[in-house]
Amino acid sequence: MGAIRAISLPKTSAGVLLFRRSGKNVEVLLGHPGGPFWKKKDHGAWTIPKGLIAFGEAPLGAAKREFEEETGYRPGGDFIALGHAKQPGGKTVHVWATEDDWNPEELKSNTFKMEWPPRSGKYQNFPELDRASWFQTEEARERILKGQSVFLD
(Lines give C-alpha, C1' and ligand atoms only; values in the text may rest on other atoms or scores of the structure.)
Protein backbone atom coordinates (compact mmCIF):
# COMPACT_ATOMS: atom_id res chain seq x y z
CA MET A 1 0.00 0.00 0.00
CA GLY A 2 1.14 3.52 -0.75
CA ALA A 3 1.73 6.16 1.84
CA ILE A 4 -1.15 8.38 2.83
CA ARG A 5 -0.56 12.01 1.98
CA ALA A 6 -2.24 14.87 3.76
CA ILE A 7 -4.02 17.27 1.48
CA SER A 8 -3.51 20.89 2.40
CA LEU A 9 -6.47 23.06 1.52
CA PRO A 10 -5.79 26.69 0.72
CA LYS A 11 -6.68 29.02 3.56
CA THR A 12 -9.58 31.35 2.93
CA SER A 13 -10.45 34.44 4.95
CA ALA A 14 -13.36 36.85 5.00
CA GLY A 15 -13.60 40.41 6.23
CA VAL A 16 -15.63 43.60 6.37
CA LEU A 17 -14.47 46.98 5.13
CA LEU A 18 -16.44 49.61 7.03
CA PHE A 19 -16.87 52.93 5.26
CA ARG A 20 -18.47 56.23 6.12
CA ARG A 21 -19.06 59.49 4.33
CA SER A 22 -17.45 62.62 5.67
CA GLY A 23 -18.67 65.54 3.58
CA LYS A 24 -17.55 64.81 0.02
CA ASN A 25 -14.98 62.27 1.19
CA VAL A 26 -15.25 58.57 1.92
CA GLU A 27 -13.33 57.11 4.83
CA VAL A 28 -12.56 53.45 5.48
CA LEU A 29 -11.77 51.72 8.74
CA LEU A 30 -8.52 49.74 8.92
CA GLY A 31 -6.94 47.84 11.77
CA HIS A 32 -3.28 47.65 12.72
CA PRO A 33 -2.09 44.08 13.47
CA GLY A 34 -0.96 43.43 17.01
CA GLY A 35 2.14 41.57 18.10
CA PRO A 36 5.85 42.28 18.02
CA PHE A 37 6.34 41.78 14.26
CA TRP A 38 4.02 44.68 13.38
CA LYS A 39 4.81 46.95 16.34
CA LYS A 40 7.03 49.42 14.44
CA LYS A 41 5.44 49.00 11.00
CA ASP A 42 2.89 51.49 9.73
CA HIS A 43 2.70 52.16 5.98
CA GLY A 44 1.84 48.93 4.18
CA ALA A 45 0.89 47.20 7.44
CA TRP A 46 -2.78 48.04 8.12
CA THR A 47 -5.50 45.53 7.28
CA ILE A 48 -9.19 45.03 6.73
CA PRO A 49 -10.50 43.25 9.85
CA LYS A 50 -10.78 39.64 8.69
CA GLY A 51 -10.06 36.04 9.58
CA LEU A 52 -10.34 32.43 8.54
CA ILE A 53 -13.63 30.96 7.41
CA ALA A 54 -14.53 27.90 9.51
CA PHE A 55 -15.44 24.66 7.75
CA GLY A 56 -19.08 24.86 6.67
CA GLU A 57 -19.39 28.55 7.59
CA ALA A 58 -20.92 31.03 5.14
CA PRO A 59 -18.26 33.54 4.04
CA LEU A 60 -20.36 36.63 4.88
CA GLY A 61 -21.18 35.18 8.30
CA ALA A 62 -17.46 34.59 8.87
CA ALA A 63 -16.68 38.16 7.79
CA LYS A 64 -19.14 39.60 10.33
CA ARG A 65 -17.94 37.25 13.09
CA GLU A 66 -14.27 38.04 12.46
CA PHE A 67 -14.90 41.78 12.39
CA GLU A 68 -16.62 41.52 15.77
CA GLU A 69 -13.88 39.30 17.24
CA GLU A 70 -11.14 41.67 16.11
CA THR A 71 -12.84 44.96 17.03
CA GLY A 72 -15.56 44.23 19.59
CA TYR A 73 -18.15 45.78 17.24
CA ARG A 74 -20.82 44.01 15.16
CA PRO A 75 -21.26 45.97 11.91
CA GLY A 76 -24.72 46.53 10.47
CA GLY A 77 -26.18 47.86 7.26
CA ASP A 78 -26.36 46.45 3.78
CA PHE A 79 -23.31 44.39 2.86
CA ILE A 80 -21.83 44.90 -0.60
CA ALA A 81 -19.67 42.07 -1.97
CA LEU A 82 -16.31 43.45 -3.12
CA GLY A 83 -15.14 40.09 -4.42
CA HIS A 84 -12.04 38.18 -3.47
CA ALA A 85 -8.30 38.45 -4.02
CA LYS A 86 -5.42 36.06 -3.63
CA GLN A 87 -2.86 37.46 -1.19
CA PRO A 88 0.92 37.30 -1.74
CA GLY A 89 1.14 34.47 0.83
CA GLY A 90 -1.41 32.38 -1.12
CA LYS A 91 -4.46 32.96 1.08
CA THR A 92 -7.68 34.05 -0.62
CA VAL A 93 -9.61 36.88 1.06
CA HIS A 94 -13.30 37.65 0.47
CA VAL A 95 -14.42 41.15 1.49
CA TRP A 96 -17.74 42.92 1.94
CA ALA A 97 -18.21 46.64 2.50
CA THR A 98 -20.90 48.25 4.60
CA GLU A 99 -21.62 51.84 5.50
CA ASP A 100 -21.53 52.16 9.26
CA ASP A 101 -19.89 54.38 11.84
CA TRP A 102 -17.92 53.17 14.83
CA ASN A 103 -15.52 54.77 17.28
CA PRO A 104 -12.15 52.96 17.02
CA GLU A 105 -11.30 54.09 20.55
CA GLU A 106 -13.77 51.38 21.64
CA LEU A 107 -11.55 48.65 20.14
CA LYS A 108 -11.75 45.38 22.09
CA SER A 109 -9.77 42.82 20.10
CA ASN A 110 -9.41 39.13 20.78
CA THR A 111 -5.87 37.92 21.46
CA PHE A 112 -3.44 35.27 20.24
CA LYS A 113 -0.62 33.59 22.13
CA MET A 114 2.90 33.24 20.80
CA GLU A 115 6.38 32.54 22.08
CA TRP A 116 8.11 35.86 22.64
CA PRO A 117 10.97 36.51 22.51
CA PRO A 118 11.67 33.70 20.04
CA ARG A 119 13.10 30.48 21.53
CA SER A 120 12.70 31.91 25.06
CA GLY A 121 10.11 29.40 26.21
CA LYS A 122 7.98 32.34 27.36
CA TYR A 123 4.54 32.88 25.87
CA GLN A 124 2.69 36.16 25.71
CA ASN A 125 -0.78 37.22 24.60
CA PHE A 126 -1.09 39.91 21.94
CA PRO A 127 -4.21 41.54 20.47
CA GLU A 128 -5.17 40.59 16.90
CA LEU A 129 -5.49 44.35 16.27
CA ASP A 130 -3.69 46.81 18.54
CA ARG A 131 -5.50 49.84 17.10
CA ALA A 132 -7.98 50.87 14.43
CA SER A 133 -8.50 54.14 12.60
CA TRP A 134 -10.53 55.84 9.89
CA PHE A 135 -8.59 56.89 6.78
CA GLN A 136 -9.58 58.76 3.65
CA THR A 137 -9.16 56.39 0.73
CA GLU A 138 -5.92 57.91 -0.58
CA GLU A 139 -4.21 57.62 2.81
CA ALA A 140 -5.69 54.14 3.24
CA ARG A 141 -3.90 53.09 0.03
CA GLU A 142 -0.57 54.03 1.63
CA ARG A 143 -1.33 52.22 4.89
CA ILE A 144 -3.07 49.00 3.78
CA LEU A 145 -1.27 45.73 3.08
CA LYS A 146 -0.39 45.58 -0.62
CA GLY A 147 -2.54 42.52 -1.33
CA GLN A 148 -5.66 44.17 0.09
CA SER A 149 -5.45 47.50 -1.77
CA VAL A 150 -7.64 46.08 -4.56
CA PHE A 151 -10.61 46.31 -2.18
CA LEU A 152 -10.24 50.09 -1.95
CA ASP A 153 -11.01 50.41 -5.66
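Residues numbered from 1 in each chain as written. Predicted model: local features only at pLDDT ≥ 70, side-chain atom pairs only at ≥ 80, totals over all residues. Heavy atoms only, no water.

(A) Molecular detail of unusual backbone geometry. Here the residue pair Trp116 and Pro117 is connected by a cis peptide bond, since its omega of -5 degrees sits within 30 degrees of zero. Tracing the backbone shows Pro117 in the loop between strand S6 (111-115) and strand S7 (123-127). A positive phi angle, close to 60 degrees, is found at Arg119, a residue other than glycine. As for its position among the elements, Arg119 is in the loop between S6 and S7. Judged by its relative accessible area of 77%, Arg119 is exposed. (Helix = DSSP H or I, 4+ residues; strand = E, 2+ residues; numbered from the N terminus. Buried < 20%, exposed > 50% of the residue type's maximum accessible area, 1.4 Å probe, protein only.)

(B) The pattern of salt bridges, seen in detail. The full count for this structure, using the stated rule, is 13 salt bridges. With its nearest N and O atoms 3.0 Å apart, the salt bridge here joins Arg141 to Asp153. Of the two residues, Arg141 sits in helix H2 (residues 137-143) while Asp153 sits in the segment after H2, which places them twelve residues apart along the sequence. Residue classification places Arg141 among the partly exposed positions, given a relative accessible area of 32%. Overall, the relative accessible area of 73% leaves Asp153 in the exposed class. (Salt bridge = Lys/Arg side-chain N within 4 Å of Asp/Glu carboxyl O.)

(C) Spatial organisation of the environment of Glu139. Mapped onto the fold, Glu139 is located in helix H2. On the basis of relative accessible area, Glu139 is assigned to the partly exposed category, the value being 33%.

(D) Broad picture of the nonpolar core. With 15 residues, the main nonpolar core has Leu17, Val28, Leu30 and Ile48 as its most contacted residues. Counting residues per element, the ones that place at least two in this core are strand S1 (12-22), strand S2 (25-33) and strand S5 (92-99). At three residues, S5 tops the list of elements feeding residues into this core. Discounting chain neighbours no more than four positions away, the residues touching Val28 are Leu17, Leu18, Phe19, Ser133, Trp134, Phe135, Thr137, Ala140 and Leu152. Leu29, Phe67, Leu129 and Trp134 belong to the second-largest nonpolar core, a separate cluster that totals 13 residues. (Core = buried A, V, L, I, M, F, W, Y, C linked by side-chain atoms within 4.5 Å. Contact = heavy atoms within 4.5 Å.)

(E) Structural view of the side chain of Thr71. Positionally, Thr71 belongs in helix H1 (residues 59-71). Under the relative-accessibility criterion, Thr71 is labelled buried at 0%. A distance of 3.1 Å separates the side chain of Thr71 from the backbone nitrogen of Tyr73, its partner in a polar contact. Look past the residues within four positions of Thr71 in its chain and what remains in contact with it is Pro49, Trp102, Glu106, Leu107, Lys108 and Leu129. (Polar contact = N/O pair within 3.5 Å; in protein donor to acceptor, adjacent residues only side chain to side chain.)

(F) A look at the packing of aromatic side chains. Summed over all chains, the structure comprises four aromatic pairs. Centre to centre, the rings of Trp46 and Phe135 are 5.0 Å apart; their planes meet at 85 degrees, and the pair counts as edge-to-face. Of this pair, Trp46 sits in the loop between S2 and strand S3 (50-52) while Phe135 sits in strand S8 (residues 129-136), and the two are 89 residues apart along the sequence. Taken together, a centroid distance of 5.9 Å and an interplanar angle of 35 degrees make the contact between Phe112 and Phe126 tilted. Note that Phe112 is positioned in strand S6 and Phe126 in strand S7, a separation of 14 residues in sequence. One residue, Lys41, lies across the ring of Phe37, its end atom 4.0 Å from the ring centre. (Phe/Tyr/Trp six-rings, centres within 6.5 Å; stacked < 30°, edge-to-face > 60°. Lys NZ or Arg CZ within 6 Å of the ring centre and 35° of its normal.)

(G) Spotlight on the side chain of Gln148. Along the chain, Gln148 turns up in the segment after H2. Residue classification places Gln148 among the buried residues on the basis of a relative accessible area of 1%. At 2.8 Å, the side chain of Gln148 forms a polar contact with the backbone nitrogen of Ile48.

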